[in-house]
Amino acid sequence: MGYRIPVHMNGAFIYEIVMETGFDGLKEELKKLNLGERKVCIVTDSNVAPLYLEEVETIVSSCCKKAEHFIFPAGEEYKNLDTVRNLYETLILKQFDRHDYLLALGGGVVGDLCGFGAATYLRGISFIQVPTTLLSQVDSSIGGKTGVDFDSYKNMVGAFHMPKLVYSNTAALKTLSEEQFSSGMGEIIKHGLIKDASYYQWLMEHSSEIRSRDLAVLSEMVLVSNQIKRDVVEKDPTEQGERALLNLGHTLGHAIEKLSDFRLVHGHCVGLGCIAAMAISINRGLIRSEELPRLVSVMKQFDMPVTVNGLSAEQIILTTKSDKKMDSGTIRFILLEQIGKAFTCKTVTETEMAEALHHILT
Ligand SMILES: NC(=O)c1ccc[n+]([C@@H]2O[C@H](COP(=O)([O-])OP(=O)(O)OC[C@H]3O[C@@H](n4cnc5c(N)ncnc54)[C@H](O)[C@@H]3O)[C@@H](O)[C@H]2O)c1
Ligand SMILES: O=C(O)C(=O)C[C@@H](O)[C@H](O)[C@H](O)COP(=O)(O)O
Ligand SMILES: [Zn+2]
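In this text, all values refer to a predicted model and were calculated from it rather than measured experimentally.

J.: An account of the packing of aromatic side chains is needed here, citing residue identities and associated values.
T.: Here the distance between the centres and the angle between the planes together describe a pair of aromatic rings. In the structure shown here, the tally under the stated rule is four aromatic pairs. For the ring pair Y199 and W202, a centre distance of 6.1 Å and an interplane angle of 25° mean the geometry is stacked. Separated by three residues within a single helix, Y199 and W202 lie in helix α7 (residues 197–205), roughly one turn from each other. Taken individually, Y199 and W202 each receive the classification buried, so the pair is uniform in this respect. If you follow K39 out to its NZ or CZ, it ends over the ring of F96, 5.6 Å from the centre. Here the guanidinium or amino end of K258 rests over the ring plane of Y153, the centre of that ring lying 4.3 Å away.

J.: I'd like a rundown of the UniProt feature "domain: 3-dehydroquinate synthase C-terminal" (unreviewed entry) in the chain, residues and numbers included.
T.: Mapped onto this numbering, the UniProt entry gives "domain: 3-dehydroquinate synthase C-terminal" (unreviewed entry) at residues 184–325. In the segment residues 184–325, helix accounts for 68% and strand for 0%; the C-alpha atoms at its two ends are 22 Å apart.

J.: Summarise the domain arrangement of the chain; cite the residues concerned and give the values.
T.: Per the domain assignment, the segments making up the chain are domain 1 (3–175) and domain 2 (178–358). Distance from the C-alpha centre of domain 1 to the C-alpha centre of domain 2: 25 Å. Taking both sides of the interface into account, the surface hidden between domain 1 and domain 2 amounts to around 3100 Å²; carbon and sulfur atoms contribute 65%. If you sort the residues of domain 1 by the area they bury against domain 2, L134, V138 and K154 come out on top, with a joint share of 20%.

J.: If you had to explain the site of ligand 2 to someone new, which residues and values would you point to?
T.: In the vicinity of ligand 2 lie 15 residues, with N155, K229, R243, K324 and K325 positioned nearest. With respect to ligand 2, the side chain of R243 contributes an N or O atom lying 2.6 Å from an oxygen atom. With the chains in place, 90% of the 440 Å² that ligand 2 exposes on its own is no longer accessible. Going through the elements one at a time, α6 (178–195) and α10 (250–259) are the ones with two or more residues in the shell around ligand 2. Each residue belonging to the shell around ligand 2 can be placed in one class, and the counts come to one nonpolar, five polar and nine charged. A domain split of the shell around ligand 2 shows at least three residues from each of domain 1 (3–175) and domain 2 (178–358).

J.: Would you mind going over the site of ligand 1 in detail, with residue names and values included?
T.: The local shell around ligand 1 holds 27 residues, among which E76, G108, T133, K154 and T175 are the closest. Note that a nitrogen atom of ligand 1 is positioned 2.7 Å from one of the side-chain N or O atoms of T132. In the model, a nitrogen atom of ligand 1 is placed 2.7 Å from a nitrogen or oxygen of the T175 side chain. Contact with the protein chains covers 91% of the free accessible surface of ligand 1, which is 860 Å². Contributions of two or more residues to the shell around ligand 1 are made by α2 (49–61), α4 (108–120), α5 (134–140), β8 (153–160) and α6.

J.: Give me the UniProt feature "binding site: NAD(+)" (unreviewed entry) in the chain: which residues, what numbers.
T.: In the UniProt entry, the feature "binding site: NAD(+)" (unreviewed entry) is given for G108, V109, V110, G111, D112, T132, T133, K145 and K154. Checked against the element boundaries, V109 lands in helix α4. Positionally, K154 belongs in strand β8. A relative accessible area of 3% means that K154 is categorised as buried. The contacts of K154, once residues within four sequence positions are left out, are E76, K79, D149, H254, E257, F262, H266, D323 and K324. A distance of 2.9 Å separates the side chain of K154 from the side chain of E76, its partner in a polar contact.

Here is what the cut-offs are and how they apply
- Residues numbered from 1 in each chain as written.
- Chains lettered and ligands numbered in written order.
- Predicted model: local features only at pLDDT ≥ 70, side-chain atom pairs only at ≥ 80, totals over all residues.
- Heavy atoms only, no water.
- Phe/Tyr/Trp six-rings, centres within 6.5 Å; stacked < 30°, edge-to-face > 60°.
- Helix = DSSP H or I, 4+ residues; strand = E, 2+ residues; numbered from the N terminus.
- Buried < 20%, exposed > 50% of the residue type's maximum accessible area, 1.4 Å probe, protein only.
- Lys NZ or Arg CZ within 6 Å of the ring centre and 35° of its normal.
- UniProt positions renumbered as here; feature names shortened; annotations may be inferred.
- Domains from an automatic or database assignment.
- Buried area = accessible area lost by both parts, 1.4 Å probe.
- Near = heavy atom within 4 Å.
- Polar contact = N/O pair within 3.5 Å; in protein donor to acceptor, adjacent residues only side chain to side chain.
- Areas by Shrake-Rupley, 256 points an atom, 1.4 Å probe, with all protein chains shown as cover.
- Nonpolar A, V, L, I, M, F, W, Y, C, P; charged D, E, K, R; others polar.
- Contact = heavy atoms within 4.5 Å.

Following this line, the structure appears as structure tokens:
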């Protein structure tokens, strides 16, 4: 059930995405990086540490000069510069130099923060992604977008910094909460909507195996999502065009995430944003109106929220305007021209957004 996917950029091999059911294979992969003279600091959070740190640290210690760890409190509210500062302090205290490595063990919060620490400490050191949530295995560990939130604005400070290896252990998904598992489905549904209608259909047809976390079906799903994301980031590593399509659902989704004070998880906000983006696409006559109830039904199959209460359309639109999806005063939106085909649009009006938001606001 394992697989490996190489990632190339500008024609050169950059790193491999390796997927296994267990951490055993990590040792072989680390050996290939020749870490014998290097220190490695495992960056993880307070929920993942008790579950997997000991096992991973034992493996890492056997492949490098010295393994250290940095644990921060779990949660999006800790994906910020204060935590990065604490990480820098640890690295300085442990005398990490330019040749040493960081290893992100955890979900997208850990991966984004650790990657940003690696991108900036000593002007850039190497890092490895060991994603442990569904969302991070299918999306955030791939492509080198790293960063942290600033004043609760999502990913306001960041850098593109590619990992040296992505190692996903799908067996780690067994310990994930239902809420976090269904959050990952938000990005997965997004992958189908922007790039692959047959994958979108496949998700609906395999919802019961996916929900019961059947390892063979999960592996297949992680593989397809990895290939979709890999293909996009290979073509456009620094988001000059095509990569922006991965932002479907994020324009309004990020605003909803911020306004909920991060009580709503990222993937669920992306799902809500996808409903709104689809509603705009339908209103513009781009796709058939039956697609909206179909999307709502897929999201419900995966226990995702399809409405949100306590927020107003005005608040969400205002927050979107202070987010970074602005381009010379215009909001950058991703719309669908058909299922499996997305495009960037800079002409979506506030009236269109407000109308679309009525589908999800209660
Ligand atoms: N860089 C990118 O390309 C990219 C892409 C998508 C999302 N993101 C970012 O990723 C973040 C969301 O990531 P996430 O959904 O992984 O959230 P997360 O990192 O907060 O993890 C979710 C929760 O699950 C816990 N957890 C992690 N692995 C576990 C496991 N195996 N078993 C039990 N509990 C586990 C964590 O401690 C946390 O409490 C957001 O900040 C989002 O902006 C980045
Ligand atoms: O990899 C990308 O590119 C993405 O946009 C993936 C998104 O799922 C992810 O949430 C990303 O962090 C959003 O980036 P942002 O630049 O819109 O903050
Ligand atoms: Zn996302």
